[in-house]
Amino acid sequence: MKKKVFIATILMAMAANAMAQDASQLQSYHFIEAQGGVRTTFGDYKLFKLTSPTVALSYGYMSQPIGFRLHFSGWKAKSNPSYDFNYVNTNADMLLNVTHIFSRNTVRPLNLYLIGGLGMAYTFDRETPEDKWKHNASLNLRVGLRADQPLSERIGLSLEVSANNMASHSKGTCYQDEKGLVALLGINYRFGHKYNAPATKIVEAVQPTLTNYQMMTNTLKEQLDTWLQQMPNETLEEYQLRTSDEARAAQARLLEYEISTKMATNMLQPTEISFGDYNPVLKKLAVHATSMPDFFLDMDEKEAASLYGASNLQLRNPKYTLHPDDSFELVYAEVYNPATGKSYTFDNLQKMSLNEIRNDTNYLPLNVLSETQMKETNLAAIMDNMVNLAKDDKVITDHTHISVNSNVEPAKDAAGHSIINYNVGLTYEVEEQFSARDDFKPGHYVTTESKAAVLMLQIMKKAFEQDFSQYLAEGKQVIVKITGTADASPIVRPIAYNAQYGEYHDQTVYKNGQPMKLSLTREEGIATNEQLAFARALGVKDWIEKEITAIKKMQRDYNYLIEVSTQKGSKFRRIHVQYTFIDAF
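To keep things clear, this report deals only with the structure shown in the data block. All chains use their own residue numbering, which begins from 1 and follows the written sequence. Only residues with pLDDT of 70 or above have their local features reported here, since the model is predicted, and side-chain atom pairs are shown and tallied only from 80 upward, although totals for entire chains, interfaces and linings are computed over all residues. By convention in this description, side-chain values take in all heavy atoms of the structure and omit both hydrogens and water.

**A closer look at the packing of aromatic side chains**
Part 1: The rule is short: rings of Phe, Tyr and Trp, with Trp giving its six-membered ring, pair when the centres are within 6.5 Å, and they are stacked under 30 degrees, edge-to-face over 60, tilted in between. Counting across every chain of the model gives 21 aromatic pairs.
Part 2: Relative to F581, the ring of Y579 has its centre 6.4 Å away and its plane inclined at 10°; by these criteria the two rings are stacked. In this pair, the class of Y579 matches that of F581, namely buried.
Part 3: Cluster of aromatic residues (ring-pair linked, three or more members): Y422, F464, F468, Y471, Y579, F581 and F585.
Part 4: The aromatic ring of F440 is capped on one face by R536, whose charged end is 5.1 Å from the ring centroid.
Part 5: Put simply, a charge is over a ring when the Lys NZ or the Arg CZ is close to the ring centre, within 6 Å, and near the line of the ring normal, within 35 degrees. It is K541 that lies over the ring of Y558; its NZ or CZ is 5.3 Å from the centre. Any residue under 20% of the maximum accessible area for its type is buried, any over 50% is exposed, and the rest in between are partly exposed; the area is computed with a 1.4 Å probe on protein chains only.

Here is the structure:
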């Protein structure tokens, strides 16, 4: 008995759990049912020898997945093959729809139920000598399994098998706790259907997710509205002045930077920065940042070259703006170089587009800039040494000043590929009152007649034999631009030209940047200041070809530039030389 009560408790718990899980799918109905079948008793005989007919009527109520019914059954039963008796069984049963528990499909072709019930059984016997009815009442326990097949909304077929525990009766003697097995086939009629409406699904209004940009603009509007409020004790005139259109725009931008900067501080990964390439045309040094686009510092070429190899750079006092696509952009920062203690300021608070600077192609690596600066320093050292020696030997005076310069520039080769050219230039000046001693005399053009010019060329020769020898590679191209100058002193009669530099007919030269044709022959001599300036340039070419032998293995292209001053004086009788090594790096 305790086991049966325990089983019944478990079934009830399962039903309650199922009801809680599927309350939104519940349906209920009433039903009546007629059944017929057989009953047999468990005992010492084979089951089929104790088989007897039985019928049943029931009324029930189903509220899925659990239901109840009052079940009336009876007719005949046997306790041994030779004796049968009559009985009536009245039970209150619980029905548990296990199919409903495990299937969420509300339309099922077959439902399987567990049956558990408790009732009273009555047995009758009239085969006594007195021919009187004798009856006994006993408690009946029932467990079973039921299959139910709906034929329509109203009609259904069922098949159930149940085990019953009741008293049997033999010759007026009641035998308690005889167990029997009952199999019934039935037809049922259903009525009073009630379908629970599906539970209303409460959908909470989902607040749209704001982008970072929207959050920034909302905060900006709130803070700006607060700023626009008239302050206590502020006069109308003071208020109008403080909130003018210009002041309002400035305040809005200031608030935008404050809000965006706070957001960037919380959202961006720590930014590591390093110096990138240098643009000598725009005079901009790129700064690479790990969490944002490159930005640029205004800087001259020598300063940029000195920053090659700088590390552990620090980004100080950054200010950001936030774009509609939620990307942050730096608008202000100070780049601190701990190695030198210097800070460099990037200022784009006006939010000018940097795309044109980013897309420019005139960028050079810092290592190239650094190398050329080092070469220029070495060239200057050679120059100082040779100038000092020349002064000691009284070749020139202290009034002659030679200068050197070098730079690199991005370029394109014939195939359109990016290359880097290296320019090295030399020039000199002689103070007016010493020109006749150290430089060309009026009307003179032979290079060796200018001590200052020869010393300048010798400095270049020595540099080419030392540090600059790497640029005089065989097969490489060098463009030599030689500038010859003349003053406005008139040439009264032609100056003799013995063709020591060759004869030239319609040679292309450049005067003030414009090409022109110029001839120089022995027969005509030098009749114009343009020819005089050209002759001075040709003398430099001749000296280079004879004295700098390493340059002969290169592809040489000489360009002649002439300058004729509108003034008179020795300071306008000079020569300048610039070497451009093509694709030097």
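**Observations regarding the sheet that holds strand β14 (residues 342-347)**
Part 1: We call two strands paired when DSSP finds no fewer than two bridges between them. Only DSSP runs of H or I with at least four residues qualify as helices, and only runs of E with at least two residues qualify as strands; both kinds are numbered from the N terminus onward. Read across the sheet, three strands follow the order β12-β13-β14 without closing on themselves; strand pairing throughout is antiparallel. Sheet topology places β12 (314-322) and β14 at the edges, where each strand pairs with a single neighbour. Neighbour-to-neighbour, the strand axes of the sheet open up by a mean angle of 15°, direction not taken into account.
Part 2: With six bridges connecting them, strand β13 (residues 328-337) and β14 associate as antiparallel partners. From the neighbouring strand, E334 faces β14, where its bridge partner is T345.
Part 3: Throughout, a residue-residue contact means that at least one pair of heavy atoms, one from each residue, lies within 4.5 Å. Helix axes use the C-alpha atoms of the stretch in contact, all axes being lines fitted to C-alpha atoms, and the angles between their N-to-C directions lie in the range 0 to 180 degrees. Helix α5 (residues 245-267) rests against β12 and β13 of the sheet, and its axis sits at about 115° to β12.

**Some words on the pattern of salt bridges**
Part 1: Salt bridge, as used here, is a side-chain nitrogen of Lys or Arg placed within 4 Å of a carboxyl oxygen of Asp or Glu. In this structure the tally under the stated criterion is 22 salt bridges.
Part 2: The shortest N-O distance in the salt bridge between E547 and K461 comes to 3.4 Å. With E547 in helix α11 (residues 529-547) and K461 in helix α10 (residues 451-465), the pair connects residues that are 86 residues apart, well separated along the chain.
Part 3: With a closest N to O distance of 2.7 Å, E530 and K511 form a salt bridge.

**Remarks on the sheet that holds strand β11 (residues 295-298)**
Part 1: Taken in spatial order, the three strands line up as β9-β10-β11 in an open sheet, and their pairing is antiparallel. Two strands close off the open sheet at either side, each with one partner strand: β9 (273-279) and β11. Here the average twist between neighbouring strands, direction ignored, is 30°.
Part 2: Of the pairings in the sheet, the one linking β9 to strand β10 (residues 284-289) comprises five bridges and is antiparallel in character. Opposite Y278, over in β10, you have L285 as the bridge partner.
Part 3: Relative to β9, helix α8 (residues 366-392) is tilted by about 65°, and along the sheet it contacts β9 and β10.

**Overview of unusual backbone geometry**
Part 1: Non-glycine residue D326 carries a positive phi angle of around 70°.
Part 2: Tracing the backbone shows D326 in the loop between β12 and β13.
Part 3: In this model, D506 sits at a positive phi of 50°, which is unusual for a non-glycine residue.
Part 4: Judged by its relative accessible area of 52%, D506 falls in the exposed class.

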